[in-house]
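If you want the building blocks of each chain, they are given just below.
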Amino acid sequence: MKQVVYQMDIVPGNPEANRLKVEKWVKETAQREKPDVIVLPEMWTTAYTLESLADFADTDGEPTTSFLQGLAKTYHINIIGGSIANIKNGNIYNTSLVVNREGKLVYTYDKIHLVPMLDEPAYLTGGTEKVQLFELDGVKMGIIICYDLRFPELARILALGGAEVLYVVAEWPTARKDHWKALQIARAIENQFFVVSCNRIGNYNGEDFAGTSMIIDPQGKILQIGSETEEETLVESISLDLAKDIRKAVPVFESRVPDMY
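Here the structure is a predicted model, which is why all the values come from computation and not from measurement. (Residues numbered from 1 in each chain as written. Predicted model: local features only at pLDDT ≥ 70, side-chain atom pairs only at ≥ 80, totals over all residues. Heavy atoms only, no water.)

**So, a nonpolar patch on the surface**
Taken together, V257, M260 and Y261 make up a surface patch of nonpolar side chains, about 390 Å² in accessible area. Locating Y261 in the fold gives a position in the segment after α7 (252-255). (Patch = residues over 30% accessible without salt bridge, like charges linked within 9 Å, V, L, I, M, F, W, Y side chains within 5 Å. Areas by Shrake-Rupley, 256 points an atom, 1.4 Å probe, with all protein chains shown as cover. Salt bridge = Lys/Arg side-chain N within 4 Å of Asp/Glu carboxyl O. Helix = DSSP H or I, 4+ residues; strand = E, 2+ residues; numbered from the N terminus.)

In structure tokens form, the structure reads like this:
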């Protein structure tokens, strides 16, 4: 299953410019790489323009959902649509969108854990529904957003449900870049699945973002890694049989003793 990750810079507070940028990238990448799945970063339509999000956010996922559905159908690709600022019932959520090759919205997830260091709780509302599995091309997968990575319970719930791939979409800062890398490797090893991450690069409001998007196998081996400063396209074909083989060779889940935890 061919994964293509867009480690992009984001135009702050300009959803139209960012959608045009993504459209151009998808057109070029789909023709060149013929991916199965493409992955975008967190808050890619607006960046972290928290004080102005009410002016720039989608409403009930639109127009970005329809935009991604059009790309998915045109190029016959599955899209992990990063996340967007999304107004629902008067509150602003950080919402991930997953669209399949037929253009069907197969899953949405509202970020549960809000970042106190960025004052997110003052502007955003945390998700109220637990993470769930979704499927693309018959493969069980999950998605979490940025700060969620620090909470291993989410990844474990998805792994116990049979996830073979975990997507992590982010605007993770350079100040904590070592945590970004270490936590992803840990999630891959402890849950014996692939981790595919997409982080932005660039700077906004005095904060540098770490890039270093990664594709990691179920043994914790880094298959692809982006730079800390440059826009890049990461490409890797992953063999999903590896997750099954590792789980047989090192039967962590069979060895669990939940009653003792």
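**Quick notes on the pattern of salt bridges**
Throughout the structure, instances matching the rule amount to 15 salt bridges. The partner of E28 in a salt bridge is K24, with the nearest N and O atoms 2.8 Å apart. Of this pair, E28 and K24 both sit in helix α1 (residues 15-33), separated by four residues, roughly a single helical turn. Owing to a relative accessible area of 52%, K24 belongs among the exposed residues under this scheme. For the salt bridge of D137 with R101, the shortest nitrogen-to-oxygen distance reads 2.9 Å. Within this pair, whereas D137 is found in the loop between β7 (134-136) and β8 (139-145), its partner R101 is found in the loop between β5 (91-99) and β6 (105-110), the two being separated by 36 residues in sequence. Residue classification places R101 among the buried positions, given a relative accessible area of 13%. (Buried < 20%, exposed > 50% of the residue type's maximum accessible area, 1.4 Å probe, protein only.)

**So, the packing of helix α4 (residues 152-160) against helix α5 (residues 177-191)**
The interhelical angle for the contact between α4 and α5, taken along N-to-C directions, is 35 degrees, at an axis separation of 10 Å. Where α4 crosses over α5, the handedness of that crossing is right-handed. Contact with α4, carried on its side by P152, A155, R156 and A159, involves R187, E190 and N191 of α5 and no other residues of that element. Here the residues of the contact of α4 with α5 sort into three nonpolar, one polar and three charged. (Axes fitted to C-alpha atoms, helices over the stretch in contact; angles between N-to-C directions. Left-handed = near helix turned anticlockwise from the far one by under 90°. Contact = heavy atoms within 4.5 Å. Nonpolar A, V, L, I, M, F, W, Y, C, P; charged D, E, K, R; others polar.)

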